[in-house]
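Chains, contacts and geometry: an overview
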Amino acid sequence: MFVICVNKNEEVIVERFGKFHKTLSTGVHFLIPFIEKIKGLKSPENHKKYINYGKIKKTQEIFHFPKDNRIFFAKDKSQLKLKADISYQIFDSYKAVYEVDYLFDALNQLCAGIIQSRLLDAPEDTNQIDYLQSLTESLLPTCNEYCQKWGVKILNFELKQITDTNGIRKNY
């Protein structure tokens, strides 16, 4: 047997013979080696490792968006790069682990897709950088509609920096 200590505001998903067995909450728990194993959220940098040794934090966390060097295109074919912080909270650890394979990749793709489609739908005479600022407020309800299926709630989308085609940066 091996011992696992689960702290306050954390949960651990346990699989027995490769299938979901139980969710461990706060306290000291004993697991049977080779029969039971911990299943957690996969790291955004290395998909073979679990974040926090498989313990899923139920508190507010920050995810840096986008995780790649993504370029967004506006309706006037100008290119924009942006950096933002997404504050999220996992409310259902079972869904966060089993409903989506790579949670952070899914969050990245979801937010990027919504931002790109809204930029293309923007009126042509608007300033794209100002439009992006107002866009972030309307982003949360749409993202949360999809993220609810994954056991995640996005609490805040904070825009940090926008770089336009000319390399001009606007920091927030």
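This text follows the structure it describes.
Each chain has its residues counted from 1, following the order in which its sequence is written. Per-residue local features of the predicted model are confined to residues with pLDDT of at least 70, and side-chain atom pairs are confined, for both listing and counting, to 80 or more; whole-chain, interface and lining totals are unaffected and use all residues. Side-chain measures were taken over the full set of non-hydrogen atoms in the model, leaving aside hydrogen atoms and water.

1. Topic: the overall build of the chain
Selection criterion: The helix count covers DSSP runs of H or I at least four residues long, the strand count covers runs of E at least two residues long, and both are numbered beginning at the N terminus. Note on exposure labels: buried denotes an accessible area under 20% of the residue type's maximum, exposed denotes more than 50%, and partly exposed covers the range between, all computed with a 1.4 Å probe on protein chains only. A contact between two residues is defined here by any heavy atoms of the two lying within 4.5 Å. In this description, accessible areas are obtained by the Shrake-Rupley approach with a 1.4 Å probe, and a residue is regarded as covered only by the protein chains that are shown. We count Lys and Arg on the positive side and Asp and Glu on the negative side, and we leave His and both chain ends out. A charged residue contributes its charge at one atom only: NZ of Lys, CZ of Arg, CG of Asp or CD of Glu.
A tally of helices and strands in the chain yields three helices and 11 strands. Counting from the amino terminus, helix and strand elements in the chain follow one another as β-β-β-β-β-β-β-β-β-α-α-α-β-β. Its C-alpha atoms give the chain principal-axis dimensions of roughly 65 × 25 × 25 Å. Expressed as a percentage of the 172 residues in the chain, the buried residues total 41%. Restricting the contact set of the chain to residue pairs at least 6 apart, pairs at least 24 apart contribute 62%. Here the chain displays about 10,000 Å² of accessible surface, and carbon together with sulfur accounts for 51% of that area. Each charge class in the chain was averaged separately, 25 positive and 21 negative side chains, and the resulting centres sit 7 Å apart.

2. Considerations on helix α2 (residues 103–121)
Heads up, the condition is: For a helix, the expected span equals 1.5 Å multiplied by the residue count minus one.
The end-to-end C-alpha distance of α2, which contains 19 residues, comes to 27 Å, matching closely the 27 Å that a straight helix rising 1.5 Å per residue would cover. Of the positions making up α2, those classed as buried are Leu103, Phe104, Ala106, Leu107, Asn108, Leu110, Cys111, Ala112, Ile114, Ile115, Gln116 and Leu119.

3. Comments concerning the pattern of salt bridges
How we decide: Any carboxyl oxygen of Asp or Glu that lies within 4 Å of a side-chain nitrogen of Lys or Arg is treated as forming a salt bridge with it.
Applying the stated criterion across every chain, the model contains seven salt bridges. Across the pair Lys37 and Glu15 runs a salt bridge, and its minimum N-O distance is 4.0 Å. With Lys37 in strand β5 (residues 36–39) and Glu15 in strand β2 (residues 10–16), the pair connects residues that are 22 residues apart, well separated along the chain. Among the residues examined, Lys37 registers a relative accessible area of 45% and is labelled partly exposed. The partner of Arg16 in a salt bridge is Glu36, with the nearest N and O atoms 2.5 Å apart. With Arg16 in strand β2 and Glu36 in strand β5, this pair connects stretches of sequence that are 20 residues apart.

4. Examining the packing of aromatic side chains
Just so we agree on the cut-off: Working definition: a ring pair exists when centres of Phe, Tyr or Trp rings (six-membered ring for Trp) sit within 6.5 Å. Plane angles under 30 degrees give stacked, over 60 give edge-to-face, the rest tilted.
Under the definition given, this model contains seven aromatic pairs. Each member of the aromatic cluster is reached from another via a ring pair, and the members are Phe20, Tyr94 and Tyr98.

5. Quick word on the side chain of His29
What counts, and what does not: Throughout this description, a polar contact denotes any pair of N or O atoms lying within 3.5 Å of each other; where both atoms belong to protein, one of them has to be capable of donating a hydrogen while the other can accept it, and for residues adjacent in sequence the pair is counted only when both atoms sit in side chains.
When you line up the elements, His29 lands in strand β4 (residues 27–31). Here the side chain of His29 touches Ser25 through a polar contact of 2.8 Å, landing on its backbone oxygen. In this view, His29 contacts Phe2, Val3, Ile4, Val6 and Leu24; residues no more than four positions away in its chain are not counted.

6. Some remarks on the nonpolar core
To be explicit about the condition: Buried residues of nine kinds, namely Ala, Val, Leu, Ile, Met, Phe, Trp, Tyr and Cys, make up a nonpolar core once their side-chain atoms join them within 4.5 Å.
In terms of nonpolar packing, the biggest core is built from 37 residues, with Phe65, Leu82, Leu103, Ile115, Leu132, Trp150 and Phe157 touching the most fellow members. The biggest single contributor to this core is α2, with 10 residues. Those residues in contact with Leu103, other than ones at most four positions away along the chain, are Leu41, Ile90, Ala96, Trp150 and Val152. With seven residues, the next largest nonpolar core counts Val12, Val14, Leu24 and Ile38 among its residues.

7. Focus: the environment of Lys39
Checked against the element boundaries, Lys39 lands in strand β5. Lys39 sits 17 residues away from Ile56 along the chain, and the two C-alpha atoms are 9.5 Å apart. If we skip the residues at most four places from it in the chain, Lys39 touches Ile13, Glu15, Tyr50, Gly54, Val97 and Tyr98.

8. Focus: empty space enclosed by the protein
Unoccupied space between atoms shows up once a probe the size of one water molecule is rolled over them. We apply this condition: Only protein atoms enter the 1 Å grid used here. Points where a 1.4 Å probe fits but cannot escape make up a cavity, open sets with protein on both sides within 12 Å along at least five of seven lines make up a pocket, and a residue lines them when an atom lies within 4 Å of a point. Grid points are joined across faces, edges and corners, and a volume is the space filled by probe spheres set on the points. Nonpolar residues are Ala, Val, Leu, Ile, Met, Phe, Trp, Tyr, Cys and Pro. Charged residues are Asp, Glu, Lys and Arg, and all others, Gly as well, are polar.
Applying the stated criterion across every chain yields a total of one cavity of 30 Å³ or more. In this structure, the largest cavity encloses a volume near 60 Å³. What lines the largest cavity is Lys39, Gly40, Leu41, Lys42, Ala96, Val97, Val100, Asp101 and Leu103. Broken down by class, the residue content of the lining of the largest cavity amounts to five nonpolar, one polar and three charged.

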